[in-house]
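Chain and residue survey
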Amino acid sequence: MPLISKSRQNNIQLPADFVERRRLPEEMEFWLDEREGDIILHPRLPDAKKLYIEATTGCNLQCRTCIRNVWSDPLAPMKADTFKKILASLDSLPRLERVVFTSFGEPLTHPRILDMIEAVRKKGLEVTLGSNGLLLKPHIARELIRLGVDRLMVSIDGGRPETFENVRGAQLNPIIENIIKLNELKEEMGSLFPSVGVEFVIMQSNADEIKDLAVLATQLNISRVLVSNVLPYSEDMRSEVLYGHEPIEPFKTSSWAIRAGAWVSWATMELPRMHWGAERRCRFIQDKAIVVGWDGKVSPCYALSHNYSYYAIDGLNKQVSRYILGSVHEQSLGDIWMSEEYVRFRSEVQSYHFPSCPDCDLRDTCDLRKVNEGCWGWNPSCADCLWAQDIIRCP
């Protein structure tokens, strides 16, 4: 696909309202593409807004629901040189707004995580930290407040201690105590941040605890509860799946009031979709997000950031291969983001130019479904991605 410039020399005439709506600069480049006989111009813009950094693939827990039970990737922290490469190339993404330190590992197990956060904050970027909450001790909490982390998402997969322990193999009370202490420190230091949210993976065994979670969220000044369905990586998790079933009674949107100093605001519980539908959208593409793994390699989303297997919506065991679009050890983030392959991939996902495998009459005999490939369209294929259905959700 050729690279062309928006200039008089190339005789490319774009409507004035097209330029105005997209705020395109006078001189810019496009990747020229063709799809089903139509010519498509893909703007080559450094317009990524959100960056996920996988500080480590290691964790202090071994949850039943975790991808780490089935993947083939190494357990390792991000090396200092890799992070320096990321930091050095942040300026190549001038529209970047937020860095999210979270992944399938526990960021707080990385010995330099606070230094990494501080370096990003010095760039003037907003920071979200995802954690299981066990290592959120007072000295860590104080530093997160001091550094200006504005969002903290804590994973709590049970409204009752016994349920939480069954899923995560850890005690819930220490996490609750850590959040209480964080709130006390915020008040002591005169800060409303970080706002605290909760990620809740809903399953057959904990679905009736949504109400308990709402009560707990009220007590802990939680500003947001993000509910996701479980993605069954292992055979024993298949019986825990809720999507595809009729919604159960406790599974309804709710909200509650939280108080922070003199301010009172409403917190919300964000619920996932429960059935496969025609409407498909990828939040990673919609949010202009980019994912950098522990080794500095870039992927477009969580679903394609590791090598693993899982059970698809119809129970088929599917092997996913990591999709790598570049490495910060070889290119800047801006160059990777604007590369031909990455630009075209985002366009394909934006228009969702993929088959809908769960609806296909040939799905029972299709071997392509056993891997992340499709019979037509871009490969790797997003044809039966549960993230694109909002069935599986991420912060």
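Computed from a predicted model, the values in this text were never measured in an experiment.

1. Details of the overall build of the protein
When you go through the protein residue by residue, the secondary structure sums to 10 helices and 16 strands. Burial analysis of the protein (395 residues in total) assigns 55% to the buried set. Of the roughly 18000 Å² of accessible surface on the protein, a fraction of 49% belongs to carbon and sulfur atoms.

2. Regarding the packing of aromatic side chains
Considering all chains together, one arrives at 11 aromatic pairs under this definition. Ring plane angle 90° and centroid distance 6.5 Å describe the contact between W71 and F104, whose orientation is recorded as edge-to-face. Placement of the pair is W71 in the loop between β4 (50-53) and α2 (80-88) and F104 in the loop between β5 (98-101) and α3 (113-121), with a sequence separation of 33 residues. Taken together, a centroid distance of 6.1 Å and an interplanar angle of 35° make the contact between Y308 and Y310 tilted. Each residue in the set Y52, W71, F104, F284 and Y302 is aromatic and connected to the rest through ring pairs, giving one cluster. Against the face of Y342 rests R346, its NZ or CZ located 4.7 Å from the ring centre.

3. So, the pattern of salt bridges
Here the structure, examined in full by the defined rule, presents 29 salt bridges. The partner of R112 in a salt bridge is D115, with the nearest N and O atoms 2.4 Å apart. What makes R112 partly exposed here is its relative accessible area of 48%. Taking the relative accessible area as the measure of exposure, D115 reaches 36% and is therefore partly exposed. Taking the shortest distance from any N to any O, the salt bridge between R146 and E143 comes out at 2.7 Å. Taken together, the residues span about one helical turn, with R146 and E143 both in helix α4 (residues 138-147) at a distance of 3 residues. Owing to a relative accessible area of 23%, E143 belongs among the partly exposed residues under this scheme. Each of R224, E270, R281, R283, D390 and R393 takes part in a single network of salt bridges with overlapping partners.

4. Observations regarding the packing of α3 against α4
Axis separation between α3 and α4 bottoms out at 10 Å; the angle between their running directions is 10°. Overall, the two elements α3 and α4 adopt an arrangement that is roughly parallel. On the side of α3, the interface is formed by L114, I117, E118 and R121, while α4 contributes I140, E143, L144, R146 and L147.

5. As for the side chain of H110
Position of H110 among the secondary structure elements: in the loop between β5 and α3. Among the residues examined, H110 registers a relative accessible area of 7% and is labelled buried. A polar side-chain atom of H110 sits 3.0 Å from the main-chain amide nitrogen of R112.

6. Examining the environment of R322
With respect to the helices, strands and loops of the structure, R322 is situated in the loop between β15 (317-320) and β16 (326-327). With 14 residues separating them along the chain, R322 and Y308 place their C-alpha atoms 8.2 Å apart. Once you skip the residues sitting within four places of it in the chain, R322 turns out to touch G293, W294, D295, K297, S299, L304, S305, H306 and N307. Within the structure, the side chain of R322 is placed 2.8 Å from the side chain of D295, a separation counted as a polar contact.

7. Side note on the pairing of strand β7 (residues 151-155)
By the criterion of burial, β7 is predominantly enclosed, with 4 of the 5 residues buried. With 4 bridges connecting them, strand β6 (residues 126-131) and β7 associate as parallel partners. Bridge assignment links G130 to a residue of β7, and that residue is M153. Tracing the backbone out of β6, into α4 and back to the parallel element β7 gives a crossover that is right-handed.

8. Comments concerning the nonpolar core
One recurring pattern in soluble globular proteins: nonpolar side chains tend to sit buried together. In terms of nonpolar packing, the biggest core is built from 114 residues, with L51, F101, F284, L333 and W387 touching the most fellow members. It is α3 that provides the largest number of residues to this core, a total of 6 residues. What L333 contacts, discounting residues up to four positions off in sequence, is L51, I86, S89, L90, S92, L93, I290, V292, V298 and V328.

9. Some remarks on α2
Regarding α2, the residues found buried are T82, F83 and I86. Around the axis of α2, the buried residues are gathered within 95° of arc, so they sit on the same side. Of the exposed residues in α2, the ones pointing more than 90 degrees away from its buried face are A80, K84 and A88. Against the buried residues of α2 lie β4, β5, α3, β12 (289-292) and α9 (333-337).

10. What to know about unusual backbone geometry
Most of the time, phi is negative for any residue but glycine, and the peptide bond is trans. Cis geometry marks the peptide bond from F193 to P194; its omega dihedral reads 5°. Position of P194 relative to the elements: it lies in the loop between α6 (173-188) and β8 (195-202). Note that the residue after N379, namely P380, is joined by a cis bond; omega there is 5°. Turning to its location among the elements, P380 is positioned in the segment after α10 (340-350). Residue K288 is not a glycine yet carries a positive backbone phi of 55°. Relative to the helices and strands, K288 is located in the loop between α8 (283-286) and β12. The residue D390 is not glycine, and still its phi comes out positive at about 65°. Note on placement: D390 falls in the segment after α10.

11. With respect to the confidence of the model for the protein
The pLDDT averaged across the protein works out to 88; a share of 87% of its residues lies at or above 70. Predicted confidence is poor over residues 17-22, with pLDDT under 50, and the contacts of this stretch with residues over four places away or in other chains come to 4 contacts. Within the model, pLDDT remains below 50 along residues 256-266, and this stretch shows 26 contacts once partners closer than five positions in the same chain are excluded.

Rules used throughout
- Residues numbered from 1 in each chain as written.
- Predicted model: local features only at pLDDT ≥ 70, side-chain atom pairs only at ≥ 80, totals over all residues.
- Heavy atoms only, no water.
- Helix = DSSP H or I, 4+ residues; strand = E, 2+ residues; numbered from the N terminus.
- Buried < 20%, exposed > 50% of the residue type's maximum accessible area, 1.4 Å probe, protein only.
- Areas by Shrake-Rupley, 256 points an atom, 1.4 Å probe, with all protein chains shown as cover.
- Phe/Tyr/Trp six-rings, centres within 6.5 Å; stacked < 30°, edge-to-face > 60°.
- Lys NZ or Arg CZ within 6 Å of the ring centre and 35° of its normal.
- Salt bridge = Lys/Arg side-chain N within 4 Å of Asp/Glu carboxyl O.
- Axes fitted to C-alpha atoms, helices over the stretch in contact; angles between N-to-C directions.
- Parallel < 35°, antiparallel > 145°, perpendicular 65-115°, else oblique.
- Contact = heavy atoms within 4.5 Å.
- Polar contact = N/O pair within 3.5 Å; in protein donor to acceptor, adjacent residues only side chain to side chain.
- Pairing = 2+ DSSP bridges.
- Right-handed = clockwise from strand over helix to strand, strands pointing away.
- Core = buried A, V, L, I, M, F, W, Y, C linked by side-chain atoms within 4.5 Å.
- Arc of directions from axis to C-beta.
- pLDDT = per-residue confidence, 0-100.

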